[in-house]
Amino acid sequence: MSIERNTSNAERLALSVPELAELLGISQRHVWKLVARGVLQPVRLGRSVRFLRSDVLAVLETLKR
C-alpha cells in the first residue's frame, strides 16, 4: 500500500495536472494556461509532470494579496 493512496489530494507533496485542477476547481486546460503564463511551474519526474504543493500554496497566497 503506497502512502500516496492514503493521503488526500490536498495533503500530497506533488500533484498531477488532474489532481491540481480538481483541487483548484478549474479545468486541466486552465492549469496549462497558468503554466504558459508563468503563474505555475511544473516539475518533471521522469515522464510525469507534477506541481509542488508548496509552490501552489505560495502562488495562491500571492494572488490573494
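Preceding this paragraph is the structure being described.
These figures come from a predicted structure and were not determined experimentally.

**Student:** So what about the environment of Thr62? Which residues, and what values?
**Tutor:** Topologically, Thr62 is positioned in helix α3 (residues 53–64). Classification of Thr62 as exposed rests on a relative accessible area of 54%. A distance of 2.9 Å separates a polar atom in the side chain of Thr62 from the backbone oxygen of Ala58.

**Student:** Can you tell me about helix α1 (residues 17–24), naming the residues and giving the values?
**Tutor:** Val17, Glu19, Leu20 and Ala21 are the residues of α1 that are buried. Residues of α1 that are buried make contact with β1 (14–15), α2 (28–36), β3 (48–52) and α3. Of the residues trailing α1, Gly25 is marked for its positive phi of about 75°.

**Student:** Before we move on, can you summarise the pattern of salt bridges with the specific residues and values?
**Tutor:** Tallied over the entire structure, the rule returns one salt bridge. For the salt bridge of Glu61 with Lys64, the shortest nitrogen-to-oxygen distance reads 3.8 Å. Placement of both Glu61 and Lys64 in helix α3 is noted, with a separation of three residues, approximately one turn of the helix. Residue Glu61 is classed as partly exposed on the basis of its relative accessible area of 36%.

**Student:** I'd like a rundown of the environment of Ile26, residues and numbers included.
**Tutor:** Structurally, Ile26 can be placed in the loop between α1 and α2. Filtering out sequence-adjacent residues up to four positions away, Ile26 remains in contact with Ala21, Val31 and Leu34.

Calculation notes
Residues numbered from 1 in each chain as written. Predicted model: local features only at pLDDT ≥ 70, side-chain atom pairs only at ≥ 80, totals over all residues. Heavy atoms only, no water. Helix = DSSP H or I, 4+ residues; strand = E, 2+ residues; numbered from the N terminus. Buried < 20%, exposed > 50% of the residue type's maximum accessible area, 1.4 Å probe, protein only. Polar contact = N/O pair within 3.5 Å; in protein donor to acceptor, adjacent residues only side chain to side chain. Contact = heavy atoms within 4.5 Å. Salt bridge = Lys/Arg side-chain N within 4 Å of Asp/Glu carboxyl O.

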